[in-house]
Amino acid sequence: MASRGSNSSTNGLLPTSRSGRHHLDMESGAKVRLPTEFGDDAASSKNDDHDEDDDPFDIAQTKNAPYATLRRWRQAALVLNASRRFRYTLDLKKEEEKDSRRRMIRSHAQVIRAALLFKLAGERETGLSTTVTPATPSGDYGIGHEQLVSLTREHNISALQQYGGVKGISSMIKTNLEKGIDGDEADLVKRRDVFGSNTYPQKKGRSFLRFLWEAWQDLTLIILIIAAAVSLALGIKTEGLSHGWYDGGSISFAVILVIIVTAVSDYRQSLQFQNLNEEKQNIQLEVMRGGRIVKISIFDIVVGDVVPLRIGDQVPADGILITGHSLAIDESSMTGESKIVHKDQKAPFLMSGCKIADGVGTMLVTSVGINTEWGLLMASISEDTGEETPLQVRLNGLATFIGIVGLSVAALVLLVLWIRYFSGQTKDTDGKVEFESGTTSISKAVDGAVKIFTIAVTIVVVAVPEGLPLAVTLTLAYSMRKMMADKALVRRLSACETMGSATTICSDKTGTLTLNQMTVVEAYVGRNKLHPPDDSSQLHSLVSTLLSEGIAQNTSGSVFEPDGGEVEISGSPTEKAILSWALKLGMKFNSIRSESTILHVFPFNSEKKRGGVAVKGTDSKVHIHWKGAAEIVLASCTEYLDSNGCLQDITKDKEFLRAAIDSMAASSLRCVAIAYRPYELDKVPTEEENLSQWALPEDNLVLLAIVGIKDPCRPGVKDAVRLCTEAGVKVRMVTGDNLQTAKAIALECGILYSVEDATEPNIIEGKTFRELSEKEREEVAKKITVMGRSSPNDKLLLVQALRKGGDVVAVTGDGTNDAPALHEADIGLSMGIQGTEVAKESSDIIILDDNFASVVKVVRWGRSVYANIQKFIQFQLTVNVAALTINVVAAISAGRVPLNAVQLLWVNLIMDTLGALALATEPPTDDLMHRTPVGRRAPLITNIMWRNLLIQALYQICVLLVLNFMGNSILGLKEDNTQVASVKNTVIFNAFVFCQIFNEFNARKPEELNVFSGVTKNYLFMGIIGVTFFLQIMIIQFLGTFAKTVVLDWQHWLICFGIAIISWPLAVVGKLIPVPKTPVSQYCRRAFQPCRRRFQRSRTSRNA
């Protein structure tokens, strides 16, 4: 995932996403300020609302949160086991070390480059010729590996020129600059052997033994181990080896079991995160091999590959520019400076890891993997999966509060029991006083004190829920794995849970709400509508020639015509549709491109909604071709060619053509116009520098054709939109298309309910919204349902306005220019198929199939994460309250506890690990989508949860304390001795565990009466319940010596079962009790507000 406070990804050679490198369509990118340029501003604006005096655990958004905020909550947390509590949070110290290492490597690279430039400048001044070592052949290649690496890393332009430029290098490494390498397996293996592979050594993940080592470093477990060791020594001393080791040995065994289970759980989670990281790294991109564009993994790039570069792509390896038009690179990931660098034949070297900010081009790969500066940088930085989420932070706050209560109670119990013991008020099971001053030996007194200390420690074990924040990680890891199956790749953990709070989704149209399977279904040439649209017989040869030239040259797509095979068209869906239409009209793609020369390219611009190209034919005539949004290109036309090839004045026919565009748009067609104009050759700049700055003339155009492209709605998108609406999530369509097209698609998808709704401001143009004042935008934003003809900046303004209005905003985007909006939104959703690498790196979740239905599934999973955590909290707090109260009351009143250390460790294992696993992995239900979104500041423990847990906890406390004090008569135990006490305590322990098992079912459905719905489909839950039952029976029946239990007869088992099963009808009755709407936490906050203010004032005065 992208590192905080840095301008680069920490995923190595690979961008932090998985999708291929694809062409831009009519709704995506041109030159923009990349995320690295606005990161700090965005981060600071997002955290303006965090007052330094607020609760440090109340962080609404950890995305882009400053280090100070993250450090603050860590310092406020009461932690007994930092390695366990903070295992999956961001390691701030490591992050600072990473940043320092990055700066050092960047500085080193810059110093080397500066020294080389200084040397070259000196040689030019003194007139000395630069001496370059001649190329040394290596194997079958004309240049050695080291020379090739040095050439690119040092940006040695003199050496490049002496080697014959990019053509000379390509011949040395046996690459055809037009067709690429052959790409057969033998050739690829040979290249990898000589020049290396596009991978770098990654630091190995932590081993299972490492997790075991970390698991035992829990302060409470260490104290228990010490207590066990002392108990073992004293037991053997007083009772002999045969019986004296039971107490210490049983505690040791329980501790070892807890350590192993914890380590296994953490190790499994670690593997899940590791697999997800590998998935993120393994992106697909396009290369030219054997004359055709093929899609390969970035790991499979080899030296000699010819790679097309387009806006938003990441440079996959070091290389040299072959051809480029207006190519601008953002090198901030390597240099640390947010400066756009223009690339041409004077500055042809490209560095791996940099982003294409503008233009198009192709590059020849010369260095891969560890031989690139990017590879060296990434090999020195280990992948960190740490990243806290708002819920995780809040749970740390809850764990801190419970921990303080638990430690206070444990200290109180320890003090009371020690006073009772040393004052001679405690008696053993035979009725004898345990401590008599002057009579009891020191060893016996120490033994008694240690046992009391062990009781206090066990209270802390149950009371301090160190596993609570880890339950979030468990839930998120499970959800992330399942979301992969639902075509959503999570890049930022916090997005999983934030998506559950989303109140609005700003969605693109093309490919998200529609299928992205485009075909030309209508075409106008002049006033003549072609029937069918691909009938070339209706066109004059001049029109056909100019159309073919404009489409073949003014495209980011390509056509491969194999001998005897089917024609292969690559590019964005819009480009493919137009190329396919032109081929049916008779266009000879390869012939046209070889017969005319491209002079200059103006790549498609999402602001201007068009792209152009200047070409020179064999007759030295220059044509400037434009293609783009129909009404915008039409506005620049003064003439048109009719179907007979005659030039006509367009003035009197513009209304007809506009009506044709509106008619196609109303049929939900995307309208694209194709136009050209002749140009004088002598007006074309001759110098390369001037040519690159040349602004293509865009007036006095001659209209050639207007086409209507059909992109049908995705099946099921209407249901998905309806589901969102029912869930309280408003869907807004934000598209670059014509407002009429947007309206038609919105009606078809169910975003607009009726034609009557299609009025301003429900439906608005980006330009109109852009021109409003900031306050007006905030008011209008709430009402907007469809925004047409929007630029990426309009999308950003909409996101900002909605967030200021209190909405939690999810936004989809695919173009480079969408990066600011993706970065600014609460949840940025980039497209896996059409998305550029820049868009993906700015996003939080990648929708792998570009489908809106997958976005809705992400909402379901987001809500499921929050709901599952709440289930676990309810279950754990019930155990906490019950176990704590039972032991405290029994200890203070009777001087001994019914639940001993081993038993409480077993309960802790059920509660912390198995309980989290059972409840945190509940799959999402349809009921989740019938609730309103959870607010940012909504209490973690709702009134419903308080009601449920208090009812269950009070029931357990009452029943088990009655058993503790009146158990002998209730259970029919006549004598009052050690054996009878053991039976009574075993029944209490068994009933307590059974209550937790049965209560686990209640926790599944905190608000529903039927807690069993869907339980049989959750095999993991049923398996954990079964395993817990089995282990409990084993403990009672066969491990009594260790657990200090005795074998129970069937009547006692029946009593335990009866006590536990009452929790089910009790839960049903409890759910009929109404709860107040005002959260309990609000009452508590009001009560403690004066104390908190006094504390804050005193802290402020101390700091001052």
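Please refer to the structure placed before this passage.
Presented here is an overview of the structure given in this document. Computed from a predicted model, the values in this text were never measured in an experiment. (Residues numbered from 1 in each chain as written. Predicted model: local features only at pLDDT ≥ 70, side-chain atom pairs only at ≥ 80, totals over all residues. Heavy atoms only, no water.)

Some remarks on the overall build of the protein chain
The condition that has to hold: In DSSP terms, a helix is any run of H or I states spanning at least four residues, a strand is any run of E spanning at least two, and both are numbered starting from the N terminus. Buried, partly exposed and exposed residues are distinguished by accessible area as a fraction of the type maximum, computed with a 1.4 Å probe on protein chains only: under 20%, between the cut-offs, and over 50%, respectively. Two residues qualify as a contact provided that any one of their heavy atoms is within 4.5 Å of a heavy atom in the partner residue. Only the protein chains shown count as cover for residues, and all accessible areas are computed by the Shrake-Rupley method using a 1.4 Å probe.
For the protein chain, the count of helices and strands is 40 helices and 26 strands. Sorting the 1104 residues of the protein chain into buried and exposed places 58% on the buried side. Long-range pairs, those at least 24 residues apart, make up 75% of the contacts in the protein chain with a sequence separation of at least 6. Roughly 43900 Å² of accessible area belongs to the protein chain as shown, and the carbon and sulfur atoms make up 57% of that amount.

Observations concerning the sheet that holds strand E26 (residues 845–847)
We count it as follows: For two strands to be treated as a pair, DSSP must find at least two bridges joining them. To obtain each axis, a line is fitted to C-alpha atoms, and for helices this fit is confined to the stretch in contact; angles are then taken between N-to-C directions over 0 to 180 degrees.
The eight strands lie next to each other as E8-E26-E25-E24-E9-E21-E23-E22, forming an open sheet whose pairing is mixed. The sheet is open, and its two edges are formed by strand E8 (488–490) and strand E22 (763–765), each paired on a single side. Averaged over all neighbouring strand pairs, the angle between strand axes comes to 20 degrees, with direction disregarded. Pairing geometry for E22 and strand E23 (residues 786–788), over three bridges, is parallel. The partner of Glu765 across the bridge, within E23, is Gly788. Here helix H26 (residues 739–749) sits on the sheet and contacts strand E21 (730–734), E22 and E23; the angle it forms with E22, its principal contact strand, is near 155 degrees.

Quick word on the pattern of salt bridges
Charged atoms that come close allow side chains of opposite charge to pair. Rules: The working definition used for a salt bridge is a side-chain nitrogen of Lys or Arg within 4 Å of a carboxyl oxygen of Asp or Glu.
Following the criterion strictly, the structure yields 30 salt bridges and no others. Where Asp653 meets Arg527, a salt bridge forms, and the shortest distance between an N and an O atom there is 2.7 Å. Placement of Asp653 in the loop between strand E18 (647–649) and helix H23 (654–666) and of Arg527 in the loop between strand E10 (519–525) and strand E11 (528–529) is noted, with a sequence separation of 126 residues between them. Residue classification places Arg527 among the partly exposed residues on the basis of a relative accessible area of 43%. Three or more residues are tied together by salt bridges with common partners; here these are Asp508, Lys795 and Asp818.

Examining the nonpolar core
The condition that has to hold: Take the buried Ala, Val, Leu, Ile, Met, Phe, Trp, Tyr and Cys residues and link them wherever side-chain atoms come within 4.5 Å; each set so joined is a nonpolar core.
Of all hydrophobic cores here, the largest spans 71 residues; its most connected members are Met499, Ile505, Ile751, Ile827, Ile845, Phe852 and Ile873. By residue number, the principal contributor to this core is helix H32 (residues 852–894), which donates twelve residues. Ignoring any residue separated from it by four or fewer positions in sequence, one finds Ile751 in contact with Leu513, Val721, Val731, Met733, Ala746, Thr785 and Val786. Membership of the second largest hydrophobic core comes to 64 residues, among which are Ala254, Ala263, Leu919 and Ile1035.

A short note on a nonpolar patch on the surface
Stated formally: Nonpolar side chains (Val, Leu, Ile, Met, Phe, Trp, Tyr) within 5 Å and like charges within 9 Å form the patches, drawn only from residues with over 30% relative accessible area and no salt bridge.
Residues Val889, Val962, Phe965, Met966 and Ile970 make up a contiguous nonpolar surface patch of about 430 Å² in total accessible area. The element that contributes the greatest number of residues to the nonpolar patch is helix H34 (residues 943–970), accounting for four residues. Along the chain, Phe965 turns up in helix H34. Overall, the relative accessible area of 45% leaves Phe965 in the partly exposed class.

Examining unusual backbone geometry
At the junction of His531 and Pro532, the peptide bond is cis and its omega measures out at -10 degrees in the coordinates. Summarising the element assignment, Pro532 is placed in the loop between E11 and helix H19 (541–553). A cis amide bond links Glu760 with the next residue in sequence, Pro761, at an omega value of 5 degrees. Considering the arrangement of structural elements, one finds Pro761 in the loop between H26 and E22. Its identity is not glycine, yet Ser326 carries a phi of approximately 55 degrees, on the positive side.

Considering the packing of helix H9 (residues 208–215) against helix H12 (residues 246–281)
Here is the rule: These descriptions rest on fixed angle ranges, namely under 35 degrees for roughly parallel, over 145 for roughly antiparallel, 65 to 115 for roughly perpendicular, and the rest for oblique. If you view the pair so one helix is near and one far, a crossing is left-handed when the near helix is turned anticlockwise from the far one by less than a right angle, and right-handed when it is turned clockwise. For this classification, the nonpolar set comprises Ala, Val, Leu, Ile, Met, Phe, Trp, Tyr, Cys and Pro, the charged set comprises Asp, Glu, Lys and Arg, and every other residue, Gly included, is treated as polar.
The geometry of H9 relative to H12 is characterised by a closest axis approach of 8 Å and an angle of 130 degrees between their N-to-C directions. Here H9 lies oblique to H12, going by the angle between them. The way H9 lies across H12 gives a crossing that is right-handed. On H12, the residues that touch Phe208, Phe211, Leu212 and Ala215 of H9 are Ile259, Ile260, Thr262, Ala263, Val264, Asp266, Tyr267 and Ser270. Residues that form the contact of H9 with H12 fall into these classes: nine nonpolar, two polar and one charged.

Digging into helix H25 (residues 717–726)
Owing to its 3.6 residues per turn, the α-helix brings residues three or four apart onto one side. The criterion, for reference: What the arc describes is the spread of directions from the helix axis to the C-beta atoms.
Among all positions in H25, only Val717, Ala720, Val721 and Cys724 are buried. For H25, the angular spread of the buried residues around the axis is 100 degrees, confining them to a single face. Just beyond H25, the residue with positive phi is Gly728, at close to 80 degrees.

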